[in-house]
Every structure is written in structure tokens, then in C-alpha cells.
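Survey of secondary and tertiary structure
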Amino acid sequence: MDKQQNNQILREGFLVKRGHVVTNWKARWFVLYPDKLVYYKYEGSKKDSCQRGKILLANCVITCPYLEYDNRPLVIKLQTQHAVEHFLEACSREERDEWAADIAAAVQRLKGENSQSAPPEPRQLQLRNVSLNQVVDSMYNVHNGIKLTVHMEQGSSFTNCFSGSAVVDWMVSMQLAMTRMEALTLASALLEEGFVRPVGMKSVEAMRWAGLSEQFLDDSTALYSFAENFKKRGSVRAETTLAAAELRGTVVKRGYLLKQGHKRKNWKVRLFVLRSEPDYLHYYDPTKDDISPAGGFSLRGCLVSGLNDNGVPSGVKGKVQGNLFKIITQEDKHYFIQAPSHQEKTDWIEAIKQCT
């Protein structure tokens, strides 16, 4: 498969991902390519330009539906060839099944291509007996894990990071690898699976442009840090209690949308659920579940309209991705919402109008 084909986007959209170490759930923007699934964080109202991680699809095993989580029936489980498990939650059964089908098709195509390709490079060892989860847990151990330090690179200061050579040294000293080459292979697997990420120009450039076997650098000037999901999270705001009668309506539409807060004006990904009879629009924190809404309002007497994407409309804070629409309730409360695409914006507006 050539480089241009590898960069072809097969599917993209919001999914909620379970963290590897801090096992909380976070909404991420996922992009499916023929050979990998890449995910990004939304910073404010726009997608972060730097990827937060990727899941390599070669020899990946898909379980759909994955029903081991209480109150989360929309989860897909992906197990990579390094036996790392990823859990992704969709906003609806239709979305879940469509994502699973597209990922499965990509995996199947890779199997057909690999059966006709040359043998892998000797450096790409099969880490069948190594648990990457255990390796990264050991790295993060406060007593004998890898030391987090401050590094300078071209006048910039990077905190809580470590060099590529420090990772290799640590793995050899802990007898996780017998040689530096084996340690480099193990470190590369951690990078490929998104447990560690590059920081600073040297490691970022290697990740972006080098071949797969050269992306992790055994170099004292190449800097890396733990992935975002290792960072401690703040306390979660208490849930809002709403009358059970509001939740008895028939679900008309579900989906992930960006909502601007009323006080801080920051943007958050929320799972929106539109119900009819009674006609309500509720939104949920996708890091929790879809049982207790974070908020909601009656659609009776509401006005909904699309907003022009040229410039920043009045009442909207910061630079926005686009596909904006606004809902004004009967109590004159204004909700500003972004859809992932123009088509989804149109679909949501039409669905809400039918319930007002």
C-alpha cells in the first residue's frame, strides 16, 4: 500500500475512549485510515492539530458488541497484535456497528496485503510474551519507574518528560529487555500503541517522517512523555437531577456534539439525545453514562437556526470549527452547539424543528 493510500480517510467522528492506566472515559475525535485508527483531543472548540495516539490495525481483533461494561452497551473492543486492548464507545447502535464494520474491513484488507508482502524486518520483534500495560505501569511506578525530569530543547523547556536513551537504559536495567535493540523494539511498541508520545522537535519529526522501525529514537536529545491519560483529572461536577417524566419519550436522534458552556463559555463534547412525546433535548457527559443527564430542556416554543460559519457569531467565544447552530428556549436561554459536519448540522436542525 503506498503512502497516498495510507493517508486516505475512511471514516471520522467522535468516539469515547477508555484510558489505559487511568481508566476514565474521554471523548476523542477518531480518524480511520487504511492501516490505523488515529485519535485527537478537542482543545476548546477545535480539533487539536497533534494526534494523541494511534491504534495500528494490522492483525487487530474486533469485538462488537462488547457488553462487559455496565450501562455502556455501545462499546467496541479492539485488541492489537501486541495484545493491547482499546475500548471505544459510539453514540448509537448504528454508529457502533458502522464503525466496527469499517474497521473490520480495513483489517481484512491488511491481511490480504500482508500475505503477499515480504517478511517483516528483523527488528520488528513479536512481543507475544510482553504485556505493554505492565511495562508502562512499571515505568510509571513512583519508586523504581523511569525518572521524570525537565529538559531544554532549542530554548524551550519541557517538564515531566524523559529522553529516548533513558527509556532504553531503564528497560535494560529492569531486565525487561536483554539488549538495547530489544529495548528499542519494546519502546517503539509503546509509542505505536500510544502509551508514550513525542515532545520536542526531534522526536516529533521522527514520529512524523521516519519509517516505522526508526520512529522511536535511542537518543539523549529525543524527548518523550507519558500519554495524556496518565495525568490526574479534576473532580467531576455533580449531576443534575431531572424529572423522570422528561426521559419517557421516544428517542428520535442521538449523537456527539460540541456545546458551549453558559458561564465559562468553554466547549465540551456532549452526547445529545432528542426525545419526542414529551419533546425534550437532553445532553450527557460522555465520560460517565447515558442514564443521568447533565442537563436538558423542553423543546416547546424553542427556536432553532443555523449560524453563519464566516467569523464568530455574537455570543460565541473563541475560534470555532464551524457547523454552528443555536437553540433559544421559551425561557430565552441560548444554547450554542457545533456539529461535526455540515450534514449533521442540517440533520439535527430538521429533527429538532419537527419536535418544537
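What counts as what
- Residues numbered from 1 in each chain as written.
- Predicted model: local features only at pLDDT ≥ 70, side-chain atom pairs only at ≥ 80, totals over all residues.
- Heavy atoms only, no water.
- Phe/Tyr/Trp six-rings, centres within 6.5 Å; stacked < 30°, edge-to-face > 60°.
- Buried < 20%, exposed > 50% of the residue type's maximum accessible area, 1.4 Å probe, protein only.
- Helix = DSSP H or I, 4+ residues; strand = E, 2+ residues; numbered from the N terminus.
- Lys NZ or Arg CZ within 6 Å of the ring centre and 35° of its normal.
- Axes fitted to C-alpha atoms, helices over the stretch in contact; angles between N-to-C directions.
- Parallel < 35°, antiparallel > 145°, perpendicular 65-115°, else oblique.
- Contact = heavy atoms within 4.5 Å.
- Nonpolar A, V, L, I, M, F, W, Y, C, P; charged D, E, K, R; others polar.
- Salt bridge = Lys/Arg side-chain N within 4 Å of Asp/Glu carboxyl O.
- Pairing = 2+ DSSP bridges.

Quick look at the packing of aromatic side chains now. Applying the stated rule across the entire model yields ten aromatic pairs. Here the aromatic rings of Phe-216 and Tyr-224 are separated by 4.3 Å at their centres, their planes lie at 15 degrees, and the arrangement is stacked. By the burial criterion, Phe-216 is buried, and Tyr-224 matches it. Geometrically, the ring pair formed by Phe-272 and Trp-348 is edge-to-face, given 6.5 Å between the ring centres and 75 degrees between the ring planes. Separated by 76 residues along the polypeptide, Phe-272 in strand S15 (residues 267-276) and Trp-348 in helix H7 (residues 342-353) bring together distant segments of the chain. When its relative accessible area of 1% is taken as the criterion, Phe-272 is described as buried. Taken together, the ring pairs in this structure connect Phe-272, Tyr-283, Phe-297, Tyr-335 and Trp-348 into an aromatic cluster. The side chain of Lys-253 reaches across the aromatic face of Trp-348, ending 5.2 Å from its centre.

Contact geometry of helix H3 (residues 132-140) with helix H5 (residues 180-192) gives a least axis separation of 11 Å together with a crossing angle of 95 degrees. One way to sum up the angle between H3 and H5 is to call them roughly perpendicular. Counted together, Leu-132, Val-135, Val-136 and Met-139 of H3 and Leu-186, Ala-189 and Leu-190 of H5 form the full contact between these two elements. Residue composition of the contact of H3 with H5, grouped by class: seven nonpolar, no polar and no charged.

Bringing the pattern of salt bridges into the picture now. Evaluated as defined, the whole model comprises eleven salt bridges. The closest approach of N and O atoms between Asp-219 and Lys-202, which form a salt bridge, is 2.8 Å. Of this pair, Asp-219 sits in the loop between helix H6 (201-209) and strand S13 (223-226) while Lys-202 sits in helix H6; the two residues are 17 residues apart in sequence, bridging distant segments of the chain. Here Asp-285 makes a salt bridge to Arg-270, at a shortest N to O gap of 3.8 Å.

Across the sheet, which stays open at both edges, the four strands sit in the order S10-S11-S13-S12 with antiparallel pairing between neighbours. At either end of the open sheet lies a strand with only one pairing partner, and these are strand S10 (149-153) and strand S12 (196-199). Going from strand to strand, the sheet's axes swing by 55 degrees on average, the running direction of each strand aside. Bridging between S12 and S13 involves four bridges; their strand directions are antiparallel.

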